[in-house]
Amino acid sequence: MKQIRLGLIGFGTVGKGVVRNIISNGESIARRTGIRLEIARIADIDLERERDVSVDPSLLTTDAKEILHDDSLDIVIELIGGIHPAREYVLTALRKGKHVVTANKALISKHGVEIFETAREHGVDILYEASVAGCIPVIKSLRESLVANNVLSITGIVNGTCNYILTRMQQDQMTFSAALEEARAKGYAEADPSSDINGTDSAQKLAILASLASNSWVDVDRIYVEGIAHITQKDIAYAAELGYVLKLLAIAKFGADWVQARVHPALVPGDHPLADVWGVHNAVYFIGDYAGEMMFYGAGAGERPTASAVLSDIVDISRNIKSAAKKRISSLPETIGTKRLIPINQIEARYYLRFTVIDKPGVLAQITAILGEKEISLSAVTQKERHPKNAVPVVALTHVAKEESIQAALKEIDSLDVLKDKTVMMRIEERE
Ligand SMILES: NC(=O)c1ccc[n+]([C@@H]2O[C@H](COP(=O)([O-])OP(=O)(O)OC[C@H]3O[C@@H](n4cnc5c(N)ncnc54)[C@H](OP(=O)(O)O)[C@@H]3O)[C@@H](O)[C@H]2O)c1
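As the structure is a prediction and not an experimental result, all values here were calculated from the model. Each chain has its residues counted from 1, running along the sequence as written. Local features in this predicted model are restricted to residues whose pLDDT is 70 or higher, and side-chain atom pairs enter the listing and the counts only when it is 80 or higher, whereas totals over whole chains, interfaces and linings include all residues. Excluding hydrogens and water, the side-chain values take into account all heavy atoms of the structure.

(A) Structural view of a positive patch on the surface. The patch calculation keeps residues exceeding 30% relative accessible area without a salt bridge and links them within 9 Å when they carry like charges or within 5 Å when they are nonpolar (Val, Leu, Ile, Met, Phe, Trp, Tyr). Under the convention used here, a 1.4 Å probe and the Shrake-Rupley method define accessible areas, while residue burial counts only the protein chains that appear. The rule for a salt bridge is simple: a side-chain nitrogen of Lys or Arg has to be within 4 Å of a carboxyl oxygen of Asp or Glu. We treat Lys and Arg as the positive residues and Asp and Glu as the negative residues; His and chain ends play no part in the count. Throughout, a charge is located at the NZ atom of Lys, the CZ atom of Arg, the CG atom of Asp or the CD atom of Glu. On the surface, a cluster of positive charge is made up of Arg31, Arg32, Arg319 and Lys322. Helix numbers and strand numbers start at the N terminus; a helix is a DSSP run of H or I with at least 4 residues, a strand a run of E with at least 2. For the positive patch, the secondary-structure elements that each account for two or more residues are helix H1 (13-33) and helix H11 (303-322). Following the sequence through the fold, arginine 31 ends up in helix H1. Residue arginine 31 is classed as exposed on the basis of its relative accessible area, which comes to 64%. Relative accessibility under 20% of the residue-type maximum defines a buried residue, over 50% an exposed one, and the middle range a partly exposed one, all with a 1.4 Å probe and only protein chains included.

Shown next as structure tokens:
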């Protein structure tokens, strides 16, 4: 039996889950792997808080440096979150020759290159499965199971908070704010949910997945991001009538020398595998050139699901240590190239448009003339209400068009006298 000594920094939600898992499942992990995991040290700045998991008090410290400089530890588990001091802790651990496991998407998406290069220089492993989509093994699948594929696209629902809010808005006609309040009350949204709602959290996860899939480094700050705070019941209802559901999607598409990476609300047709992903669940839909379509589904957050992913990384590294084969699978592709990131205005998609117009003859003709000049054709148009002389909604779906043409057309259309409000535009993501 190989004994592996673990130092845990951050005894919060996920940290507790890791300790609880080792207490409850350590024996079966040992039988399965021949490895006995030992929580040897735990650091957290607050040791007074009630944690409903019992540990020997002598293992606890408030000073993370006691873990970073303890040469008897094999693996450091960083579960404090955020950039500082997590970055410094991770880099110090790697430089001290310790393997690292982290769940920190903010850190990996921002400082991944520095961290992975430091790990490579010092001949140690760093794994980060829990940083994307909780318990779902998406990173392991990209690095290992799909290694023989060129991944053509990744489309993910990777933020449970937003998916919960959109679910309640679509299935129960709740407003955005009421659904957000409920998500908070149920513990599905943080006290400050802005990075979930504005799409930043999804973009961090997408940067990690897109980098792995493209053999290049996708800069999180260059990903196009739109959140869900502006979504209204009206558009949800019109989209549903047309056979679509609304999801916050993290989308990456790949070519030989380019990458597309964007996060935004999108309409997906009812028969798309992602259309049936509801509540706090996450799902990631991949297309590989050999594997074809695949969808991974499960819990994207929470103490136990996230701990499950952290433990998977701990066991992976422990197996490497046991067989003296560290760095068997590199954290990122061995050779990192550069690929062009396609700006949002260069993408092509179908679009949902809702115009708010004065209800009088000739208005639609004015709009379609502008769209026609930009080579945008419509696949469906419906006027939703009739109020002579008042503003009414007109909903249209386009055939595939260039985003820059759509933007240019909407600029012209919105300046017409007959337009009474800014046109609502949402992208449609078809099943490939
Ligand atoms: N929760 C999830 O469902 C989930 C899912 C996927 C990934 N993750 C990731 O997992 C990581 C941990 O998340 P979490 O939800 O467990 O966070 P959390 O509940 O806030 O736990 C973090 C713990 O670390 C402590 N801490 C903060 N700075 C510290 C420092 N310098 N030294 C020692 N301890 C420190 C915090 O203490 P104080 O509370 O006193 O500040 C807290 O107890 C994050 O990177 C997060 O993005 C979480």
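(B) Looking closely at the site of the ligand. Any residue with a heavy atom lying within 4 Å of a molecule or strand is counted as near it. In the vicinity of the ligand, 21 residues are found, and the nearest of them are Thr13, Val14, Asp44, Arg49 and Gly302. For the ligand, whose unbound accessible area comes to 890 Å², protein coverage reaches 74%. A class-by-class count of the residues in the shell around the ligand yields 10 nonpolar, 7 polar and 4 charged. Under the grouping applied here, Gly and all other residues not named as nonpolar or charged are polar, the nonpolar ones being Ala, Val, Leu, Ile, Met, Phe, Trp, Tyr, Cys and Pro and the charged ones Asp, Glu, Lys and Arg.

(C) Highlighting helix H7 (residues 176-185). Buried residues of H7: Phe176, Ala179, Leu180, Glu182 and Ala183, and no others. For H7, the angular spread of the buried residues around the axis is 160 degrees, confining them to a single face. The elements touched by buried residues of H7 are helix H6 (160-172) and helix H8 (194-197). Looking one or two places after H7, you find glycine 187, whose phi comes out positive at around 80 degrees. Working definition: the arc comes from the directions between the helix axis and the C-beta atoms, pointing outward to the latter. The contact criterion used throughout is that any non-hydrogen atoms of two residues lie within 4.5 Å.

(D) View of the packing of helix H12 (residues 363-373) against helix H13 (residues 403-414). Between H12 and H13, the shortest axis-to-axis distance is 9 Å and the interhelical angle comes to 150 degrees. When the axes of H12 and H13 are compared, the pair comes out roughly antiparallel. Crossing hand, H12 versus H13: right-handed. Counted together, Ile367, Ile370, Leu371 and Glu373 of H12 and Ala409, Glu412 and Ile413 of H13 form the full contact between these two elements. Considered class by class, the residues forming the contact of H12 with H13 number 5 nonpolar, no polar and 2 charged. Orientation is described by lines fitted to C-alpha atoms, with helices fitted over the stretch in contact, and by angles between N-to-C directions that extend from 0 to 180 degrees. Small angles under 35 degrees read as roughly parallel and large ones over 145 as roughly antiparallel, with 65 to 115 read as roughly perpendicular and the rest as oblique. Two helices crossing with the near one rotated counterclockwise from the far one by less than a right angle form a left-handed crossing, whereas a clockwise rotation gives a right-handed crossing.

In short, shape yes, function no, at least from these values alone.
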